[in-house]
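Results of the structural survey
What follows is each chain in one-letter form.
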Amino acid sequence: MEGALSTLAQYGVRDDDIATAWVPGSFELPVVAKTLAASGQYDAVICLGAVIRGETSHYDMVCNQAASGIAAVSRETGIPTMFGVLTTENLEQAINRSGGKVGNLGSDCAVGAIESVRLLQSIKTG
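Let us look at the structure shown here. Here the structure is a predicted model, which means the values were calculated and not measured. (Residues numbered from 1 in each chain as written. Predicted model: local features only at pLDDT ≥ 70, side-chain atom pairs only at ≥ 80, totals over all residues. Heavy atoms only, no water.)

Where burial is concerned, most of strand 2 (residues 81–88) is hidden: 6 out of the 8 residues are buried. Here strand 1 (residues 45–52) pairs with strand 2 via 8 bridges, running parallel. Pairing of Val51 across the sheet is with Thr87, part of strand 2. Between the parallel pair strand 1 and strand 2, the chain is carried across by helix 3 (residues 58–77), and the sense of this crossover is right-handed. (Buried < 20%, exposed > 50% of the residue type's maximum accessible area, 1.4 Å probe, protein only. Helix = DSSP H or I, 4+ residues; strand = E, 2+ residues; numbered from the N terminus. Pairing = 2+ DSSP bridges. Right-handed = clockwise from strand over helix to strand, strands pointing away.)

Our focus in this paragraph is the nonpolar core. Counting residues in hydrophobic clusters, the biggest one holds 13 residues, and the most contacted among them are Val45, Cys47 and Val51. Among the secondary structure elements, those contributing two or more residues to this core are helix 2 (29–38), strand 1 and helix 3. Broken down by element, the residue count for this core peaks at 5 residues, all from helix 3. Dropping the residues within four chain positions of it, Val45 is found in contact with Ala33, Leu36, Ala37, Ile79, Pro80, Thr81 and Met82. (Core = buried A, V, L, I, M, F, W, Y, C linked by side-chain atoms within 4.5 Å. Contact = heavy atoms within 4.5 Å.)

Okay, structure coming up:
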């Protein structure tokens, strides 16, 4: 989340224009994202989370449902809804993708949200 917030600030997004909503888990992201997107208050929704593989197939179900649900929010609302859910084998991989050795998915999603909003605005204004 720090990477997303930092990147949004670098692009000039004001703190007052950012809202944060915490969900119980990645499976719940789509319904909250859809409610936010449909509210008409936001230009984009950035969904951040992590699913770390355990010993059961629960991992696959949560990852698939989170990904397809978040993609559906974008299609159904027309609001860019970014999939920033880490799907990793272990905690070390999650740390590396959230600002460690391999980049920052939150920051990447913030850039994607800004670029998507700008593109949609340019299409609408011709």
